[in-house]
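Take a look at the letters that make up each chain.
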Amino acid sequence: MLKLDGINKIFNEGTPDEKNALDNINLHLAAGDFVTIIGSNGAGKSTMMNMISGALTPDFGSIVIDGNDLTRLPEHKRALHIGRVFQDPMAGTAPSMTIEENLAIAYSRNTKRGLRGGVDKKRREFFKQSLEKLHLNLENRLTAKVGLLSGGERQALSLLMATFTKPAILLLDEHTAALDPSRAELITKLTKELVEESNLTTLMVTHNMQQALDLGNRLIMMDKGQIILEVGAERKSALTIPDLMTEFEHIRGEKMNSDRALLG
Amino acid sequence: MFTALFGSVEQGIIYAIMALGVYLTFRVLDFPDLTVDGSFVTGAGTAAMMIVLGYNPILATIVAMVAGFLAGCMTGLLHTKGKINPLLSGILMMIALYSINLRIMGITSDTGVTRPNIPLLNTDTVFTMFNDFWSKLGIDSVLSSAVTAMGGKSLPSTWGILFFMLIVTLVIKLIMDRFLKTEIGLAIRATGDNKRMIRSFSANTDSLIILGLGLSNGMVALSGALIAQYTKFADIGLGIGMIVVGLASVIIGEAIFGTKSIMRTTFAVIAGAVIYRLIYALALRVGWLDTGDMKLITAIIVILALIIPQVLNKQKEKKRKAKRLAARVAAQKARLNVEQGGNGLA
């Protein structure tokens, strides 16, 4: 489904700030895989997400989705296959447009946009039904401007919009990190429901180890631009946070130094 | 007086098309596009040139619009493909268009390749064409007698232009309202709102910006073409400060009529353009002001339109807070009274 082969990326090459952001990343996802990614700040998690979405291009290596090589394709062309939710709740929606207009934009992701009205009766009905899944009463506020919604509501809407057209790959980049615990829990629950419903192949970056263990069937840990640990479906269900800490020490020969990585 | 104001309403409605174009870039696309100063003259010059050469005025107006569209697309290309800052791409295009416009008007010159102005004195224009049809209807005499009956003294020579421009501008407004709700329109709006988001939904923001700028400058050029035919004159200096006039219309309209929905806002922009023309006409009647002062007055109108709403908002906020405080103090007093009353009983 998704194949990353030998991805390398160096930032600020040839300057004193040179940083090896991604160092020979190989990752293969089968259809329906839900992989959670953990690692401390600067481990390369977000860089990898940006690499897949097309916001960044690798120095070398290849990115293949469904047999199509997307390595050199610009972001908007890849977006046909990739749904994405950002960490910033403001990033995934257009604030000055209404809820239904935002949904209409998401709805026409994989069709050629034309001079058809973005919202018609039939679509509005479909939008309503989809919004009901969020249990936030947004289905009765279709013409409210998205800028008026709370962070949690906007993130729930972003999630729905990203999964609307059932993309081949869903990228979640710490999408609960900017929310308070109860909202984060709600979004986590919605993520699980929406991913399971359409059996989406998903990559989720998180700082919250518990979340990384609770969700998905595979887990990878990154550090200094490398994937240092891969846990498959069989082992993941039995894994605990202390296990992960010991693994890290074992591999790196040093203690995990980020409290944030530990506590989320 | 009436004739003067009547004339500015007519002009205001023609300039409103330009203001709608400015609204499309400035507000919808969030792109401060200065191409306007050049593309307005491109429209005026192209239409005048073709009319003088004997083409049908309607065809001339349409070609003028296309020329403006192309100019806007060039600005879009400079910004998206050339990665040049929006303001600078507009300025570059504006300066380039100055020479291009001289060349366009120069096509009619017998002696040189450039020409700074074209008079349209005894030629057909879209307005004379419409008036031929309009005068047969006999509506002018009905309306004029109505004005005379209400005590009006000086009469406009025809109501046809006003009527014609109202229809044209309203049709453009309605098309624009409708367009901004289509799938492409939604994508253009989202481009101005959140580029990162709309890219993640597989829209090519570069093409959308180019298209938006093209449409906007097409409208600006249409407005220029009509103004040239209305004033029977195209001049290279016609566009100086046009972007400020457009902004003035957008800002005045929005401040007075609000921006609740797109339909409301496009209406506000049209009304803003007319109001701007009226203020302009009234200012011209002040004895010690000269036509040369008008750019300064335009700048002052825009500055006031930008500042006054802020001041009003602040005052409103202050009043609201004072009211809330008063309510709170009153509530506290009432509670104290009740408590004291209670103690008294015990």
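Residue positions are counted from 1 within each chain, in the order its sequence is given. Labels follow written order: the first chain is A, the first ligand is 1, and so on. Totals for whole chains, interfaces and linings use every residue, but because this is a predicted model, local features are given only for residues with pLDDT of at least 70 and side-chain atom pairs only at 80 or more, for both listing and counting. In computing side-chain properties, one takes all heavy atoms of the structure into account and sets aside hydrogens as well as water.

Asker: I tried to follow empty space enclosed by the protein on my own but got confused; where do I start?
Answerer: By rolling a water-sized probe across the atoms, one finds the places where empty space is left. Both site types are read off a 1 Å grid over the protein atoms alone. A 1.4 Å probe that fits but cannot get out defines a cavity, while an open set with protein on both sides within 12 Å along at least five of seven lines defines a pocket; lining residues have an atom within 4 Å of a point. Grid points are joined across faces, edges and corners, and a volume is the space filled by probe spheres set on the points. For the coordinates displayed, the defined rule picks out one cavity of 30 Å³ or more. Taken as a whole, the largest cavity spans an internal volume of roughly 60 Å³. Along its surface, the largest cavity is lined by S53, E75, R78, A79, I82 and R84 of chain A together with S200 of chain B. Helix numbers and strand numbers start at the N terminus; a helix is a DSSP run of H or I with at least 4 residues, a strand a run of E with at least 2. Counting residues per element, the ones that place at least two in the lining of the largest cavity are α2 (75–78) and β6 (82–85) of chain A.

Asker: How do you make sense of the packing of aromatic side chains when you look at a structure like this?
Answerer: Given two aromatic rings, their pairing is described by the distance between the two centres and the angle made by the two planes. Residues and elements named next belong to chain B. For Phe, Tyr and Trp, where Trp contributes only its six-membered ring, two rings pair if their centres lie within 6.5 Å, and the inter-plane angle classes them as stacked under 30 degrees, edge-to-face over 60, or tilted in between. Per the counting criterion, the structure on display carries 16 aromatic pairs over all chains. Residues Y276 and Y280 carry aromatic rings whose centres are separated by 5.9 Å and whose planes lie at 45 degrees to one another, so their mutual orientation is tilted. A residue pair is termed a helical-turn pair when its members lie 3 or 4 positions apart in one helix, as Y276 and Y280 do in helix α12 (residues 262–284) at four residues. Only protein chains enter the accessibility calculation, which uses a 1.4 Å probe; a residue is then buried when its area is under 20% of its type maximum, exposed when over 50%, and partly exposed in between. For Y280, a relative accessible area of 21% corresponds to the partly exposed category. Pairwise contacts between aromatic rings join F127, F130, F133, W134, F163, F164 and Y230 into one cluster. Positioned above the aromatic ring of Y280, the side-chain terminus of R277 is 4.9 Å from the ring centre. Consider the ring centre and the ring normal. A charge sits over the ring if Lys NZ or Arg CZ is within 6 Å of that centre and within 35 degrees of that normal.

Asker: I would appreciate a short explanation of the pattern of salt bridges in the present structure.
Answerer: Side chains carrying opposite charge are able to pair once their charged atoms draw close together. Salt bridges are defined as contacts in which a side-chain nitrogen from Lys or Arg sits within 4 Å of a carboxyl oxygen from Asp or Glu. Under the definition given, this model contains 18 salt bridges over all chains. In this structure, E101 of chain A engages K181 of chain B in a salt bridge whose closest nitrogen and oxygen atoms are separated by 3.4 Å. Here K181 of chain B lies in the loop between α7 (160–179) and α8 (183–193) and E101 of chain A lies in helix α3 (residues 99–107), a pairing that spans two chains. Take E101 of chain A: its relative accessible area is 6%, and that puts it in the buried class. Since its relative accessible area comes to 39%, K181 of chain B is described here as partly exposed.

Asker: Explanation requested: helix α2 (residues 36–52) of chain B in the structure shown.
Answerer: Every α-helical turn comprises 3.6 residues, leaving residues that sit three or four positions apart pointing alike. Residues and elements named next belong to chain B. Spanning 17 residues, α2 covers 24 Å between terminal C-alpha atoms, matching the ideal 24 Å at 1.5 Å per step. Within α2, 16 of the 17 residues are buried, leaving the element largely enclosed by the surrounding structure. Backbone geometry just downstream of α2 places G54 in the positive-phi region, at approximately 100 degrees. Multiply 1.5 Å by the residue count of a helix minus one, and that product is the helix's expected span.

Asker: Just to check I follow, could you spell out the domain arrangement of chain B for this structure?
Answerer: Where the parts come together, the accessible area they lose is often given as the size of the interface. All names here are of chain B. You can read the domains of chain B as domain 1 (2–285) and domain 2 (296–346). Computed from C-alpha atoms alone, the centre-to-centre distance between domain 1 and domain 2 is 43 Å. Taken residue by residue, the interface counts ten residues in domain 1 and seven residues in domain 2. Here the quantity called buried area is the accessible surface, traced with a 1.4 Å probe, that two parts lose on coming together, added over both. Among the residues domain 1 hides against domain 2, the three largest losses belong to V244, I251 and Y276. Together they make up 48% of the total. Under this definition, polar contacts are N or O atom pairs within 3.5 Å; protein pairs additionally need one hydrogen-donor-capable and one acceptor-capable atom, and for neighbouring residues in sequence, both atoms have to be side-chain atoms. Our count for the domain 1 to domain 2 interface comes out at one residue pair in polar contact (both at pLDDT 80 or more). With six residues, the single largest contributor to the side of domain 1 that touches domain 2 is helix α11 (residues 242–257). Under the scheme applied, nonpolar residues are Ala, Val, Leu, Ile, Met, Phe, Trp, Tyr, Cys and Pro; charged residues are Asp, Glu, Lys and Arg; polar residues are all the others, including Gly. Here the residues of the side of domain 1 that touches domain 2 are counted per class, giving ten nonpolar, no polar and no charged. The domain limits used here are those given by an automatic or database domain assignment. Should any heavy atoms of two residues lie within 4.5 Å, those residues are considered in contact.

Asker: What is the right way to look at the sheet that holds strand β1 (residues 2–11) of chain A in this model?
Answerer: Strand pairs in the sheet, formed through backbone hydrogen bonds, run parallel or antiparallel to each other. Residue and element names in this part refer to chain A. Ordered in space as β2-β1-β4-β5, the four strands form an open sheet in which the pairing is antiparallel. Two strands close off the open sheet at either side, each with one partner strand: β2 (19–29) and β5 (68–69). In the sheet, β1 pairs with strand β4 (residues 60–65) via five bridges, with the strands oriented antiparallel. Each residue of the ladder has a partner; that of N8, found in β4, is F60. Pairing between strands requires that DSSP locate at least two bridges from one strand to the other.

Asker: Would you take a moment to explain the interface of chain A and chain B for this structure?
Answerer: Every contact between the two is made by 32 residues of chain A and, on the other side, 23 residues of chain B. A buried area of about 2400 Å², summed over both sides, lies between chain A and chain B, and 56% of it is on carbon and sulfur atoms. The largest share of the area that chain A buries against chain B comes from H76, I105 and R113 of chain A, three residues that together contribute 25% of it. Seen at the junction of chain A and chain B, the total is five salt bridges. The closest approach of N and O atoms between R116 of chain A and E183 of chain B, which form a salt bridge, is 3.4 Å. In this assembly, chain A and chain B are joined by 16 residue pairs in polar contact (both at pLDDT 80 or more). Put simply, the parts of the chain that give the side of chain A that touches chain B at least two residues each are α2, α3 and α5 (151–163) of chain A.

Asker: Looking at this structure, how should I read the pairing of β1 of chain A?
Answerer: In summary, the side chains of a regular strand alternate between the two faces of the sheet. Relative to β2 of chain A, β1 of chain A runs antiparallel, the two sharing seven bridges. Counted as the bridge partner of L4 of chain A is L27 of chain A from β2 of chain A.

Asker: Could you clarify how one ought to interpret the sheet that holds strand β9 (residues 218–223) of chain A in this entry?
Answerer: All names here are of chain A. Spatially, six strands are ordered β6-β7-β8-β3-β9-β10 in an open sheet, and the strand pairing comes out mixed. Only two strands of the sheet have a single neighbouring strand rather than two, namely β6 and β10 (226–231). Taking the axes of each pair of neighbouring strands and ignoring which way they run, one obtains an average angle of 20 degrees across the sheet. The pairing of β9 with β10 spans five bridges and is classified as antiparallel. What sits directly across from M222, in β10, is I227. Here, axes are lines fitted to C-alpha atoms. For helices the fit covers the stretch in contact, and angles between N-to-C directions go from 0 to 180 degrees.

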